[in-house]
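So you can see what is in the structure, the chains are spelled out below.
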Amino acid sequence: MKMILSHPEKCVACHLCEGACSFRHEGAFVPAKTRIWVFDFIEEQLYGAVTCFHCADAPCLANCPTYAISRHPETGQVYVNEDRCIGCKMCLVACPFGVMGYHAEKRVAQNCDLCGGDPQCVKVCVYGALEYADVEPLEWAVRLEQLERPAAAS
Amino acid sequence: MPYGWVGQVLRIDLTAGRVTKEPLNMEWARQFIGGRGLGTKYLYEEIDPRCDPLGPDNKVIFATGPLTGTYAPTGGRYMVLCKSPLTDAIACSNSGGYWGPELKFAGYDMVILEGRAPQPVYIWVYNDQVEIRDASHVWGKTTDESEDILRAETDPQARIAGIGPAGENLCRVACVINDKSRAAGRSGVGAAMGAKNVKAIVVRGTGAVPIADPLGFSQVVFQALEVVNKSPTTAKALRGLGTASTVGFTNAVGILPTRNFQVGQFELANNVNGQTIAQTVLTRNKGCYSCPIGCARVTEIKGASKWQGKGEGPEYETIFGLGTDCGVGDLPAVLYANYLCNLLAMDTISAGGTIATAMELAERGYIPPEDLAELPFELRFGNPDAVIGCLELMAYRRGKFGNLLAEGGYRLAEHYGHPELFMGVKKQDFAAYDPRGAKGMGLGYATSNRGACHLRGYSMSQEWFAPPDKRSDPFSIEGKAALQKYVQDKAACEDSAGICTFSMFAVSHEQLCAMYNAATGERLSMDDWWLAGERIWNLERLFNLRAGLGRQDDTLPPRMLREPLTGGSVQGQVVELEPMLEEYYQVRGWDEEGHPRPETLARLGLA
């Protein structure tokens, strides 16, 4: 499936992706409602963007009490059905990566929806730190292990 | 509902301890674009320009632009405005980082600090909750320490702009530092904040910056992003080597100011240029908010040097101020001095210029031996211990000499009876381009409203960096008046919009104006746009005239006017200022004394 891959070593912590994400989804610049996050520990020289990995065994999906989270049969992406979501935040708790978001006004969970196939964050990242890549989703534990060994991450 | 703006001003009366919120004056916002222009309008209307810059009647304004917080390329700037403690003219210092956007997300376009707090305070802004809090526990601490403490007691995602020991001690070259290493550097705005007893403004915001025409905005932004990403200046030089990429060039042509502008080439320039930084100290590149250039350098001193540390920098201007201008070519020492300036919150240009002035005064024997005897280092060019030692004396006003240094280079040189050895204009130190090798910069320094400054009118782009067919001969004075007016008005528009002037090496003003229109819903034509830039420049001039400045202050030190440069391609050049200045006043529509003529003011809507 196609999803957004982050290459933190190319990131400069400019947060352009957060702006682009919120602008696409909210029509305004409101990083508090972004679905991609830049962590910027400048002093530790540690920064990069993270967003939904659409895990093969998505814990958000497995833990949703109202079955509001599904995997799209064609694109393979994990998505939230807003009509079914009751805003209980179980998925936020379940996500090992902290990349399930919550829309405070709509009171629903939200994750990266790949902008319907035209991800704005990737488009705006002139540094090549974000890539819209064709990769198979991994199980969350495998992904976590990869992230903890940065050299092996792809 | 306003667009581009969030429509609200936060006003803090420190004397009374009162916080009020008021709607942004949209009529002024339309006339003065935002940020620098709009802040100047508020300052012009609200304070007496003759007031004591360190007294309670001065105000310190933190202003954002309509593009701040959006994804317009480099849309992350804010400005600090006040009457300058260094120049007694208008001060407007521009900074990037993350603080400005956060202020807008919290729901404010501007913060106005007025009066004076009875004891040290900081301001905590969490969306619509605003508190004036005791800051006695962070008073005296470096920017680094106080940011950590304030973040721990407010919000882990809070962004902080504040002062260090230099600002607290009213050092006239003190700056405001945000996000630990981004500086609203020039004109001593940190001292003005210190005089108000305000340590920091801590902000966390979760709101939105609305856009009038989202589709139109995204279209022009993506065009602009593309040109930034293709331009050799922004995508290669600045992204690749940071502003330090300039060192090699200015040194080669002979306009890299060295040893208090005595020469324009530095024998150790290769030790402190962009390549050396990339090879020896650079750990990562960094960008400010919404920046597609990424010129910031995260660095760490490695190896056996006696100077150790890590942080951000050095910028080109810092390499000059704390390096070449003081004759220091030891990169770890320059970098350490840079980190120290960030911790103590001092402008690296003016702190460096002050030290260079002191060094020349000392070498020429103008400082009595008893004043030098108290110093734990030898005050001479090329001595890094002297640079670092002076920075500490200056920030803490230690001893008689520290007290003098803290007054800035002009007052220091004047104290010892040789004001001609101060290299600057309106008591503010020059930036890192010797104007004898770029005459337009000479006129720009002389007429800059905030004192000597390269960013108020960066004619370097046309005089040295433009392709040959578009170049304005740097040694000629012909056409420099019109060129300066153009670059000055241009910079006024850029600063006011809330974007960084660096993106404008690639983005056109047509694109910037289109972004402004799409964001705000205004329909400014290009004529309106340029007129707004000119209006801002003239309003700053009016502020300065009312503050008591005039033609006599639009000048350069005798060294620039009479002592020819030696070495490089610039051999024998001086600045022929008078004819340029006369022509400049005409081009500006000002009289012989530099006052805007009534018809000029009427044309600009300033009458």
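Residues numbered from 1 in each chain as written. Chains lettered and ligands numbered in written order. Predicted model: local features only at pLDDT ≥ 70, side-chain atom pairs only at ≥ 80, totals over all residues.

What to know about the overall build of chain B
Consideration 1: Within chain B, the regular secondary structure consists of 25 helices and 18 strands.
Consideration 2: Relative to the compact-globule value of 25 Å for 607 residues, chain B shows a C-alpha radius of gyration of 22 Å, a close match.
Consideration 3: The buried share of chain B, reckoned over its 607 residues, is 63%.
Consideration 4: In chain B, the share of contacts with a sequence separation of at least 24, taken over all contacts with a separation of at least 6, comes to 71%. (Helix = DSSP H or I, 4+ residues; strand = E, 2+ residues; numbered from the N terminus. Rg over C-alpha atoms; globule rule 2.2 N^0.38 Å. Buried ≥ 20, exposed ≤ 12 C-beta atoms within 10 Å, placed from the backbone. Contact = placed C-beta atoms within 7 Å.)

Focus on the interface of chain A and chain B
Consideration 1: Taken together, the contacts link 20 residues of chain A with 26 residues of chain B.
Consideration 2: Breaking the side of chain A that touches chain B down by element, the ones donating at least two residues are α1 (16–26) and β2 (28–29) of chain A.
Consideration 3: Counting residues per element, the side of chain A that touches chain B draws most heavily on α1(A), at five residues.

Section: the nonpolar core
Consideration 1: By size, the foremost hydrophobic cluster in this structure holds 245 residues, and its most contacted members are A:Cys17, B:Val202, B:Met346, B:Leu391 and B:Met515.
Consideration 2: The element that contributes the greatest number of residues to this core is helix α12 (residues 331–344) of chain B, accounting for eleven residues.
Consideration 3: Excluding residues that lie within four positions of it along the chain, B:Leu391 makes contacts with B:Ala337, B:Leu340, B:Cys341, B:Leu344, B:Met346 and B:Ala351. (Core = buried A, V, L, I, M, F, W, Y, C linked by C-beta atoms within 7 Å.)

Notes on the sheet that holds strand β4 (residues 78–83) of chain B
All names here are of chain B.
Consideration 1: Strand order in the open sheet formed by six strands is β2-β1-β6-β3-β4-β5, with mixed pairing between adjacent strands. At either margin of the open sheet sits one strand with a lone partner, and together these are β2 (18–23) and β5 (90–95). Adjacent strand axes in the sheet meet at a mean angle of 15 degrees when their direction is disregarded.
Consideration 2: Here four bridges tie strand β3 (residues 59–64) to β4, and the two strands are oriented antiparallel to one another. (Pairing = 2+ DSSP bridges. Axes fitted to C-alpha atoms, helices over the stretch in contact; angles between N-to-C directions.)

Some points on the packing of helix α18 (residues 439–447) of chain B against helix α20 (residues 480–497) of chain B
All names here are of chain B.
Consideration 1: Two elements in contact, α18 and α20, have axes separated by 9 Å at closest approach and are oriented at 60 degrees. With respect to each other, α18 and α20 are oriented oblique. At the point where α18 passes α20, the crossing takes the right-handed sense. Together, Lys 439, Gly 440, Leu 443, Gly 444 and Thr 447 of α18 and Lys 480, Ala 481, Leu 483 and Gln 484 of α20 make up the contact between the two elements.
Consideration 2: Here the residues of the contact of α18 with α20 are counted per class, giving three nonpolar, four polar and two charged. (Parallel < 35°, antiparallel > 145°, perpendicular 65-115°, else oblique. Left-handed = near helix turned anticlockwise from the far one by under 90°. Nonpolar A, V, L, I, M, F, W, Y, C, P; charged D, E, K, R; others polar.)

Concerning the domain arrangement of chain B
All names here are of chain B.
Consideration 1: The domains assigned to chain B are domain 1 (8–204), domain 2 (241–428) and domain 3 (434–505 + 525–603).
Consideration 2: If you average the C-alpha positions of domain 1 and of domain 3, the two centres end up 28 Å apart.
Consideration 3: If you look at the interface, domain 1 gives 37 residues, while domain 3 gives 26 residues.
Consideration 4: Among the elements that line the side of domain 1 that touches domain 3, the one with the most residues is helix α2 (residues 35–46), at eight residues.
Consideration 5: Looking at the side of domain 1 that touches domain 3 residue by residue, the class counts come to 15 nonpolar, 15 polar and seven charged. (Domains from an automatic or database assignment.)

Some points on the confidence of the model for chain B
Consideration 1: Averaged over chain B, the pLDDT score is 97; the fraction of residues at 70 or greater is 100%.
Consideration 2: Interface confidence for the predicted complex, given as ipTM, is 0.95, next to a pTM of 0.97. (pLDDT = per-residue confidence, 0-100.)

Topic: the sheet that holds strand β14 (residues 282–286) of chain B
Residues and elements named next belong to chain B.
Consideration 1: Within the open sheet, the three strands sit side by side as β14-β15-β16. Their pairing is antiparallel. Both edges of this open sheet fall to β14 and β16 (310–312), since each of them pairs with a single strand only. Ignoring strand direction, the axes of neighbouring strands in this sheet form an average angle of 15 degrees.
Consideration 2: Pairing between β14 and strand β15 (residues 296–300): four bridges, direction antiparallel. By the bridge assignment, Lys 286 is partnered in β15 with Ala 296.

With respect to the environment of B:Ile255
All names here are of chain B.
Consideration 1: In this fold, Ile 255 is placed in the loop between α9 (246–253) and α10 (274–280).
Consideration 2: Overall, Ile 255 belongs to the buried group, with 28 C-beta atoms counted inside 10 Å.
Consideration 3: Separated by 78 residues in the primary sequence, Ile 255 and Ala 333 place their C-alpha atoms 23 Å from one another.
Consideration 4: Excluding residues that lie within four positions of it along the chain, Ile 255 makes contacts with Thr 250, Gly 264, Tyr 433, Asp 434, Gly 437, Ala 438 and Val 570.

Brief notes about helix α7 (residues 214–230) of chain B
Consideration 1: In this model, α7(B) (17 residues) spans 24 Å end to end at C-alpha, consistent with the 24 Å of a helix rising 1.5 Å per residue.
Consideration 2: Listing the buried residues of α7(B) in full gives B:Phe217, B:Val220, B:Val221, B:Ala224, B:Leu225 and B:Val228. Down the axis of α7(B), the sector holding all buried residues measures 145 degrees, keeping them to one side. Opposite the buried face of α7(B), at more than 90 degrees from it, the exposed residues are B:Leu215 and B:Lys230.
Consideration 3: Its buried side turned inward, α7(B) meets α4 (120–124) of chain A together with α8 (232–241) and α21 (509–520) of chain B. (Expected span 1.5 Å × (residues − 1). Arc of directions from axis to C-beta.)

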